[in-house]
Structure formats: structure tokens, C-alpha cells
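Residues per chain, in single letters:
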Amino acid sequence: MVQHFIRSLIDADLAAGRHTTVVTRFPPEPNGYLHIGHAKSVCLNFGLARDYQGRCNLRFDDTNPEKESTEYADAIQEDVRWLGFQWDGEVKWASDYFQALYAYAEELIEKGLAYVDDLSPEEMRAYRGTLTEPGRDSPWRDRSVEENLDLFRRMRAGEFPDGAKTLRARIDMASPNINLRDPVIYRIKRAHHIRTGDAWVIYPMYDYTHCISDALEGITHSLCTLEFEDHRPLYDWVLDHISIDCHPQQIEFSRLELHYTVTSKRKLNQLVTQGFVSGWDDPRMPTIHGMRRRGYTPEGIREFARRIGVSKSENVVDMGVLEACIREDLEAKAPRVMAVIRPLKVTLTNFEAGVTANRSAGFHPNHPEFGEREVPISREIWIEQDDFAIDPPEGWQRLTPGGEVRLRYSYVIRCDEVVRDAAGRVVELRCSIDHDTLGQNPKGRKVKGVIHWVAAEHALAAEVRLYDRLFTDPEPDGHKDRDFLEFLNPHSLETVQAWVEPALRDALPELRYQFERLGYFCADRCEHQPGSRLVFNRTVMLKDSWASGSEAPKGPHMDQQRGR
RNA sequence: UGGGGAGUCGCCAAGUUGGUUAAGGCACCGGAUUUUGAUUCCGGCAUGCGUAGGUUCGAAUCCUACCUCCCCAGCCA
């Protein structure tokens, strides 16, 4: 368990007897899919409840029917469960409290603490003042309680058009905190709500709704992001002025930013609607749906949330941290198989034609309990194009003309002849096997290099999708004068036809494998069909101390754009 | 120029009732093992805690001033 300031606050509350348990909530608005930033919040809220043996609610903040949909609400529930968490009791909805919220509003009116305002949006802005100048009281601020009550009831009854009136808290138009300058708490909006349908034409605002919802659920610690810090006085004001005996503590922490991506629902939505990605679940998206489809694991994401910590300082976390968590999890769990994604034909000249030999290979070098499968070999095999070099750089351990290399789980071969096409491209290698090297090292010499391969005759065709970061800039939305779309990486997806070993024939969707020396891959949960159409998504590459070294030639684009 | 926050290694982040050599992770750099240049294993990596002063036997931790960055003027959340 990692200590952070929120735990310290909770520990102090528990020690002082202010609370005997911890009740948190994860309160998304169903207006988009969850992303990695939400995952941090999910892990924080549900994790705290678990660690302190308390409870955590899932509550939808569904107070703006114009933007919300059941598709989003369903996807969010699926994501929270997939991440490995279970909310306390039934799913909660802010709309469950509309009637109670309405009653509390009447209470505020009766106390002279809320009034119906006729100002138009433009007028209200003008009356609000600026950051440095106080606002002015609305001419409607001093209506009588009776008139306010009557007007508010008629608002609810649908007697006024959308936007004609609002209900405002009567606080202080001169407050240096703009959120306290008589904030609107109800607006008239004739929109069909995903749960209450057309039952209401007035909807409560976030600040008013959230604190009361928290209190009604007995939340002890209400965690939110830094931008709501200014709203805390309003959160407290509402609860201090209505008849409710629960007053949760709002605690703010900084949101998560990740290098080379964006975590803004608006921008993610833009990527989807403008077709820059295939959908919310595109494996390049930092959404939970996208990461899942890419092959990221719940355990890996949870570990990531643990490692990045919780604080109040702005932060942009390296993608490498997330990738390290995913690799670490997959390293222990993913069976190893071989696949060739950029094939180069190799003929084993001293291997008898028409003969197939099988050799058993373990699914995991450190976990014999994963079992083994038969790996067939025959006269023609595929190897990776970049495992061969005509003119190798210093330190090269792979195949060269006249050089030797070990075929993983199989023989040592020597490249005797390089076959080129008319354009001079290498199209085939003719190699000979050292028959004495099966399961043993050759005598009198060392063969350092080991490469992966598949038998051409037995290989299965597969579509492999190689994903790279979605943006070329570490902070695509961090440039004031440039649009984030300018930094889209044109090479973020490359689809190749690959050959995989027969053991993958009936792999189920969402199963994850390590393709040896290439990376971790996941059978696509949408398009992969066992036994017929094989589709694998590259989850993350293996660490590659050769490619990152100075001797290795760099790819044409970014370091991550290497084929392997 | 109003209010609210934040500044500890390239990226995160402990530490903040002042007390030995400023945790840990990612990244990076060495080296060992290895039929994945993977994994694993060893070792290295802030005389420094936004800056400048001050208090103190002693300060990242206290005081003063200053600097930089972020958020707020939706009938969004």
C-alpha cells in the first residue's frame, strides 16, 4: 500500500473518531467512455473502500440530459467491473434524488436563500462581474419567499420556456470566489432524460446536486479533481443550509495526464466523431475500452494507478510507466508462441523436402506448468526480415551472409546464399542446418544469436495490427497556438499480414500471448474468429536493449515506430 | 491587478509535529546469467528539495520576500 495525502487525512479522521468507516463514490457523468484518468479515480475510490473495509458507490451524475446516453452508462459499468471492482449495492443515479433535490430547493427558498431570476444568460454574465471586479445584485434578487416559491413551482410545472428563468442560491455577488456569486442551481431544459424521461423540465446543476447526493448516500470522503477546489465553499454552503445531517468532506487531487496522448472527454469524442480513430474502443485510445481491446490487463492498469500515486501537483506521467506495468503483468501470464510479422523466406537446403519434424516447446520459460506445444519445422520457413543483415552493424547477433544463428527451439543454421530479385531486394535465404545442434550447442564455436521463425507449410495467416502512440508530441494539447490534431501520428496503426504458428489456430478472442522477441499481442475481441480469421493487436513491445543502443540503426520515424 | 492551488533527479512520488549519508517506481548507464538482444540478478543514478535571505547546534521541513506554473467570469460536469 502506498501512502498519500488522502490516506493521511482518512487516517486522521478515523483516529479522531470523526468517522468509523470509509464511504466513497465514483461519480461519472454518462457522457462519454471512461479513460485512463478515470481509471485512476476508480482505483482510488474503490481501492480506498477496499483497504479500509468500507464501501464505494457507483453513481451517475446524470443532471444534463442533453449530453447523456445509456450507451455510455452501460459502457462505464462494464469498464468498472472489468477493472475488477464491484460497487456497493445498486448503481446509484443523481436522478434518483431529483425529488429530494427539489424539496431542498424549496427549503432554501423558504429560508430566503434562493430566488428565481429572470436574467438572460447574457445579462447574468454581465451582472456576475469579472475576476477583479465584484458582481452586482440581480434586480430579481429580492423577490418575496412567496413569489419565489410560486415561480419555482411554475418552473417545475412547465409554465416557462427553456432558459426563461433560473433558480439561484442567494449567497454573495461580491464574493472574490466567483462560484459564490449567486450560482444557478436549477435551469429550465426540455430534454428527454435517459432515466426520468420527460417527467422534469427543470434540472439541478452539478454543484447543487453533487454535495446533496453525497450526503444522501452517507459518503464520508468525496474525492474529486483539482478544478473543483474553488467549488468546495459552495459544496459546504449548500449542506450547511439545508436540513441534512450528513456533511461529506470534499478532497481534491490532481488529474492524470499521460505523455503522447490526451485525456479529455471532449477531445476523445472529437477523435471518434471525426473518424481519426475507429471508435471509443480503438486500441490507440486511452479509454478503458481501447486499452482492453489492445490487450492491457486490469491488473496492469491497477498497478499503474498504484505507481503514479495521488497528489495535488500537476503531473504528466511517462507512457513508459503504464507500459512497464502491462509488460510486468504479461511477462508472468502470457504464453509464448512464435510469429513472423515481416516474413523473409528461408530454404533449409539440407532438410529433406516433404518432411515435417516436430519439436516440443514450452509455453513459458519460467513456468513449466503452462505446458508445451508441438512446433513443426519443414524445408521452408519464414524468418523476420530484420533478423538478417547483408552488412551488419557492430555488435549484430542475428543472421548475416555466411553467418550462423540459432532457430529458437530448433537447429543452428548457416546462411549460405542470398537470393535477390531483379531490383536487388533480398527475397530468399538458402541456409543449411547443423544437424548436431538440436537441444545442444555446436562444438568448438559459440552461436550467440537466437531468432524466431515459423514453418511456411504449417504457418497460419494472421492479420496483425501494430500500434504506436497516437500523437507525435509529448503534450499534444499543451500548445496554446496549435490544435492537438496537428500532432496526430500518421503511423499510429500499421496492419500487416503475418504468419503465426499452428498452436494459435483456435485462440479465443482477448487471449494474450507473447510473440517471442516481438512483444505481447492480444486476439482482437471484436474481429478475431478462432479457427478462421486470426487478428492480433500488438499490446506493447518487449524491451529491446539492442534497438535502444547506439549501434542499432534507428527506424524512419520515432523510436517506437520500429517494425518490431 | 481578485480568489483558489502547486513547485523534491528526465517523468511520477515518499518525506513536511525541524535531527544521522533526501524512500521507492519508471527511464537511463554498467555488469552477471540466458536457445526470447526478453525475463531474472547485482551495481550506478539529487552535497540537492523553485529563488534569495533569515531563525537554529541542526531546515526539504519554521519565518520573510520574490519567481514560475495551473484553475475559476457555462443556465457543463
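Above this text you will find the structure in question.
A brief structural summary. (Residues numbered from 1 in each chain as written. Chains lettered and ligands numbered in written order. Predicted model: local features only at pLDDT ≥ 70, side-chain atom pairs only at ≥ 80, totals over all residues. Heavy atoms only, no water.)

Once that is clear, we can look at the sheet that holds strand β17 (residues 380-384). Reading across the sheet, the seven strands line up as β21-β18-β19-β20-β14-β17-β22 and stay open at both edges, with mixed pairing between neighbours. The open sheet terminates on both sides in strands that have one partner only, identified here as β21 (450-451) and β22 (453-455). As paired strands, β17 and β22 are joined by three bridges and run antiparallel to one another. Paired with Ile381 across the two strands is Ala455, which belongs to β22. (Pairing = 2+ DSSP bridges. Helix = DSSP H or I, 4+ residues; strand = E, 2+ residues; numbered from the N terminus.)

Assignment of secondary structure puts Thr287 in the loop between α9 (265-273) and α10 (288-294). At 2.9 Å, the side chain of Thr287 and the backbone nitrogen of Gly290 are in polar contact. Ignoring anything within four residues of it in the chain, the contact list for Thr287 reads Tyr33, Leu34, His35, Leu268 and Trp280. (Polar contact = N/O pair within 3.5 Å; in protein donor to acceptor, adjacent residues only side chain to side chain. Contact = heavy atoms within 4.5 Å.)

Phe152, Leu167, Tyr186, Ile202, Tyr208 and Ile212 are the most contacted members of the largest nonpolar core, which totals 38 residues. Among the secondary structure elements, those contributing two or more residues to this core are α4 (98-110), β4 (114-117), α6 (145-156), β5 (166-169), β6 (184-188), β7 (202-204), α7 (206-216) and α8 (232-241). By residue number, the principal contributor to this core is α4, which donates seven residues. Ranked by size, the runner-up nonpolar core spans 37 residues in total, among them Ile36, Ala39, Ala49 and Ile76. (Core = buried A, V, L, I, M, F, W, Y, C linked by side-chain atoms within 4.5 Å. Buried < 20%, exposed > 50% of the residue type's maximum accessible area, 1.4 Å probe, protein only.)

As a matter of local geometry, RNA strand B sits amid 72 residues, with Ser311, Arg336, Arg408, Gln514 and Ser545 nearest to it. In RNA strand B, atoms within 4 Å of the protein come 64% from sugar and phosphate. One nitrogen or oxygen atom from the side chain of Ser311 is found 2.5 Å from a phosphate oxygen belonging to RNA strand B. In the model, a base oxygen of RNA strand B is placed 2.8 Å from a nitrogen or oxygen of the Tyr409 main chain. At the level of secondary structure, the elements contributing two or more residues to the surface near RNA strand B comprise α5 (121-128), β6, α11 (298-308), β11 (315-317), α12 (319-333) and β18 (404-407). Classifying every residue of the surface near RNA strand B by side-chain character gives 24 nonpolar, 24 polar and 24 charged. (Near = heavy atom within 4 Å. Nonpolar A, V, L, I, M, F, W, Y, C, P; charged D, E, K, R; others polar.)

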